[in-house]
Amino acid sequence: MINISVEYFGPAKKFTNGRSSDVLKFNTSSQAIHLHKVLCKLGELYGDEFSQFIVKNCGIASNEEYLNVNREANFCDIGGDITLHDADDIVIVPPVSSG
């Protein structure tokens, strides 16, 4: 089993009913999964509106490093080339504005 911790900040929490984090569990015999499985599961949990918010507005970080993801792909295909392991962290980084 692979457990991935996901954290939400700012406006992302309005889609998660105020939750600031989740631990997603993936039943697999593999040692790793790809980011797209995490994103697809988030879409299943919180809906298409959240999925679109992530794709259009948010950064995605894993283990304190920003990820370069192809935002032109379908939501559940984004991050198919990014490998995650048990106990890795994902952070959904809200849009930032400066003034």
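Residues numbered from 1 in each chain as written. Predicted model: local features only at pLDDT ≥ 70, side-chain atom pairs only at ≥ 80, totals over all residues. Heavy atoms only, no water.

Re the overall build of the protein chain
Using the following cut-off: For the purposes of this entry, the term helix denotes a DSSP run of H or I that reaches at least four residues, the term strand denotes a run of E that reaches at least two, and both are numbered from the N terminus. For a compact globule the rule gives 2.2 Å times the number of residues to the power 0.38, and the radius of gyration it is set against comes from C-alpha atoms. Three exposure classes are used, based on accessible area relative to the maximum for each residue type with a 1.4 Å probe and protein chains only: buried under 20%, partly exposed in between, and exposed over 50%. In this description, contact between two residues means that some pair of their heavy atoms is separated by no more than 4.5 Å. Only four residue types enter the charge count, namely Lys and Arg as positive and Asp and Glu as negative; His and the chain termini do not. One atom stands in for each charge, and that atom is NZ of Lys, CZ of Arg, CG of Asp or CD of Glu.
Counting its regular elements, the protein chain contains two helices and seven strands. Helices and strands appear in the protein chain in the N-to-C order β-β-β-α-α-β-β-β-β. A compact globule built from 99 residues would reach a C-alpha radius of gyration of about 13 Å, and the protein chain, at 13 Å, matches this within 12%. If one aligns the C-alpha atoms of the protein chain with their principal axes, the spans along those axes are about 45 × 25 × 25 Å. Buried residues in the protein chain amount to 40% of all 99 residues. Excluding contacts between residues fewer than 6 apart, the proportion of contacts in the protein chain whose partners are at least 24 apart in sequence is 66%. With 8 positive and 13 negative side-chain charges, the protein chain shows a separation of 7 Å between the mean positions of the two kinds.

Details of the nonpolar core
Under the convention used in this document: To define a nonpolar core, start from buried Ala, Val, Leu, Ile, Met, Phe, Trp, Tyr and Cys residues and group those joined through side-chain atoms within 4.5 Å.
Judged by nonpolar contacts, the single largest core of 27 residues is most densely connected at Leu35, Val38, Leu42 and Ile92. Going through the elements one at a time, β1 (2-8), β2 (21-26), α1 (35-46), α2 (48-57) and β7 (89-93) are the ones with two or more residues in this core. Broken down by element, the residue count for this core peaks at five residues, all from α1. Not counting residues up to four positions away in its chain, the partners in contact with Ile92 are Val6, Glu7, Tyr8, Phe9, Ala12, Leu42, Ile54, Cys58, Gly59 and Ile60.

Details of the sheet that holds β2
Note the threshold: DSSP-based pairing: two strands are paired if at least 2 bridges between them are found. Helix axes use the C-alpha atoms of the stretch in contact, all axes being lines fitted to C-alpha atoms, and the angles between their N-to-C directions lie in the range 0 to 180 degrees.
Strand order across the open sheet formed by five strands is β2-β1-β7-β4-β5, with mixed pairing between neighbours. The open sheet terminates on both sides in strands that have one partner only, identified here as β2 and β5 (65-66). Both strand β4 (residues 59-62) and β7 contribute to a ladder of four bridges, which runs antiparallel. When the bridges of β7 are listed, Ser62 appears paired with Ile90. Across the face of the sheet, α1 comes into contact with β1, β2, β4 and β7 while running at roughly 115° to β2.

With respect to the side chain of Asp22
We apply this condition: In protein, a polar contact requires one atom able to donate a hydrogen and another able to accept it; more generally it is a pair of N or O atoms within 3.5 Å, and residues adjacent in sequence count only if both atoms are side-chain atoms.
Looking at where Asp22 falls in the secondary structure, it is placed in strand β2. By relative accessible area, Asp22 is classed as buried at 8%. Only 2.6 Å separates the side chain of Asp22 from the side chain of Tyr8, close enough to count as a polar contact. Polar side-chain contacts of Asp22 include one of 2.6 Å to the side chain of Tyr46. Non-local contacts of Asp22, meaning those with residues more than four positions away in its chain, are made with Ile4, Ser5, Val6, Tyr8 and Tyr46.

Considerations on the side chain of Ser62
As for its position among the elements, Ser62 is in strand β4. Only 3.4 Å separates the side chain of Ser62 from the backbone oxygen of Asp89, close enough to count as a polar contact. In contact with Ser62, not counting residues within four places along its chain, are Leu67, Leu84, Asp89 and Ile90.

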